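The primary structure of each chain is shown beneath.
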Amino acid sequence: MIRINEHYLKLQASYLFSDIAKRVAAFQKANPGKDVIKLGIGDVTRPLPAACIQAFHKAVDEMAAAATFRGYGPEQGYDFLREKIAKDDFQARGADIAADEIFVSDGAKCDNGNLQEIFATDITVAIPDPVYPVYLDTNVMAGRTGGFADGRYAGVVYMDCTRDTGFIPELPRKKVDLIYLCFPNNPTGGTITKPQLKQWVDYARGNKAIILFDAAYETFIRDDRLPHSIFEIEGAREVAIEFRSFSKQAGFTGTRCAYTVVPKACTAFTAAGEPRPVHALWHRRHTTKFNGVSYPVQRAAEAVYSPEGRAQCRELIDYYLRNAALIRKEMTALGYECIGGENSPYIWVDGKTDSWKFFDLLLEKANVVCTPGVGFGRCGAGFIRISAFNDHEKVQAAIERIRKTLTVA
Ligand code: PLP
């Protein structure tokens, strides 16, 4: 008898964004004439930078000629891209990362979700609350979390990120093995300083743990004091893995390109306590299960590092940051406490009421879609997340409508 992986039955309802999509669809069906502005899901709206498009076209043309055609590429990514990444994203910031420690992929979501596979199923996992749901759900699927009761999985060490903690996780009191951190944070927009991140690196070193550091929003950092990479912290090479993505940096959400950094010094252990390099395990996994990102897409990603590409990406991110600043300023003026929106495209707003109630109010009265904070975890209750990913005119219109709604509410 074929049997299912019953850990899947422990997953809670559907993915948050499908719940939201259902509510929005129902509202639009009932109100066909209403123009709904979406500031919910973190998807970009601006076109790809011209430098990327140019490189993309050129690479497609290369595929059309026998002399330049390419078939299967290296699963870890072409050297031309890995070398640029290592040099510009890491070495230029003093982080000791080499090209062969970079694994190019089709998404930070897949990498974040898949990486846990190389670790034992009976390790202890620490996950922030609120959280990007992928970290939690993929550990549920792997059978690492235990059952769900009273809003939480029994086997997970939750790291509450609340006003009391400054929206940054505190070091776990219980010993943990695998730690998920995300900065700038989704959903809160919070950031971490170098001394704070150093505490985590020291914890991981002291406890033989590994940190999975999700830096998908690194490109939004404008404050020079903040670390862009965990590898700017001394000692991180032995205990950290970092995820990056071109999705937000260059508008690649529909084009798909990202990468994961696994330093050769990063070590995990066998049950007998023998050290093993994690790089070799991830290399084996990646080359066995992943086919590589298409050649034209990697050429388009490479163009991000050209002088034109760099300037165009900066302009793109500045555009969204301008939206974020407007949302933050207006929500604050309306009397709502906001976190994020600086060095981040997300604004985490204390709605002072139930998250879904506030979501419904904004949908029904302002016709604006946000994301209910409680969907990211128990500590998100009472909050909503507003995303700055939309056209500036739409964000201005949304803010105007929200102001009217909340002023009369
Ligand atoms: N990590 C975080 C924290 C995200 O918010 C997202 C996307 O929203 C991702 C990873 C996914 O990135 P990608 O588009 O590269 O899969």
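Residues numbered from 1 in each chain as written. Predicted model: local features only at pLDDT ≥ 70, side-chain atom pairs only at ≥ 80, totals over all residues. Heavy atoms only, no water.

Quick word on the state of the cysteines
In the structure shown here, the tally under the stated rule is zero disulfides. Note on C266: no disulfide assigned, nearest cysteine sulfur contributed by C182 at a separation of 18 Å. C266 sits in the buried class, given a relative accessible area of 0%. (Disulfide = S-S within 2.5 Å. Buried < 20%, exposed > 50% of the residue type's maximum accessible area, 1.4 Å probe, protein only.)

Things to note about the site of the ligand
Not every one of the 15 residues close to the ligand is listed here, only the nearest: N186, D214, Y217, S245 and S247. Taking K109, its main chain carries an N or O atom lying 2.9 Å from an oxygen atom of the ligand. The contact in question runs from an oxygen atom of the ligand to an N or O atom on the side chain of Y217, over 2.6 Å. Burial of the ligand by the surrounding chains reaches 90%, relative to a free accessible area of 400 Å². Listing elements by their share of the shell around the ligand, those giving two or more residues are helix 4 (108-115) and helix 7 (246-249). Tallied by class, the residues present in the shell around the ligand amount to seven nonpolar, four polar and four charged. (Near = heavy atom within 4 Å. Polar contact = N/O pair within 3.5 Å; in protein donor to acceptor, adjacent residues only side chain to side chain. Areas by Shrake-Rupley, 256 points an atom, 1.4 Å probe, with all protein chains shown as cover. Helix = DSSP H or I, 4+ residues; strand = E, 2+ residues; numbered from the N terminus. Nonpolar A, V, L, I, M, F, W, Y, C, P; charged D, E, K, R; others polar.)

Some points on the packing of aromatic side chains
The way to describe two aromatic rings as a pair is by their centre distance and the angle between their planes. All told, the structure shown has 23 aromatic pairs when counted by the stated rule. Ring geometry for F167 against F383: centres 5.9 Å apart, planes inclined by 80 degrees, an arrangement best described as edge-to-face. Of the two residues, F167 sits in the loop between strand 6 (157-160) and strand 7 (178-182) while F383 sits in strand 17 (residues 383-387), which places them 216 residues apart along the sequence. Neither residue differs from the other here; F167 and F383 are each classed as buried. (Phe/Tyr/Trp six-rings, centres within 6.5 Å; stacked < 30°, edge-to-face > 60°.)

Shape is all these values report; function is a separate question.
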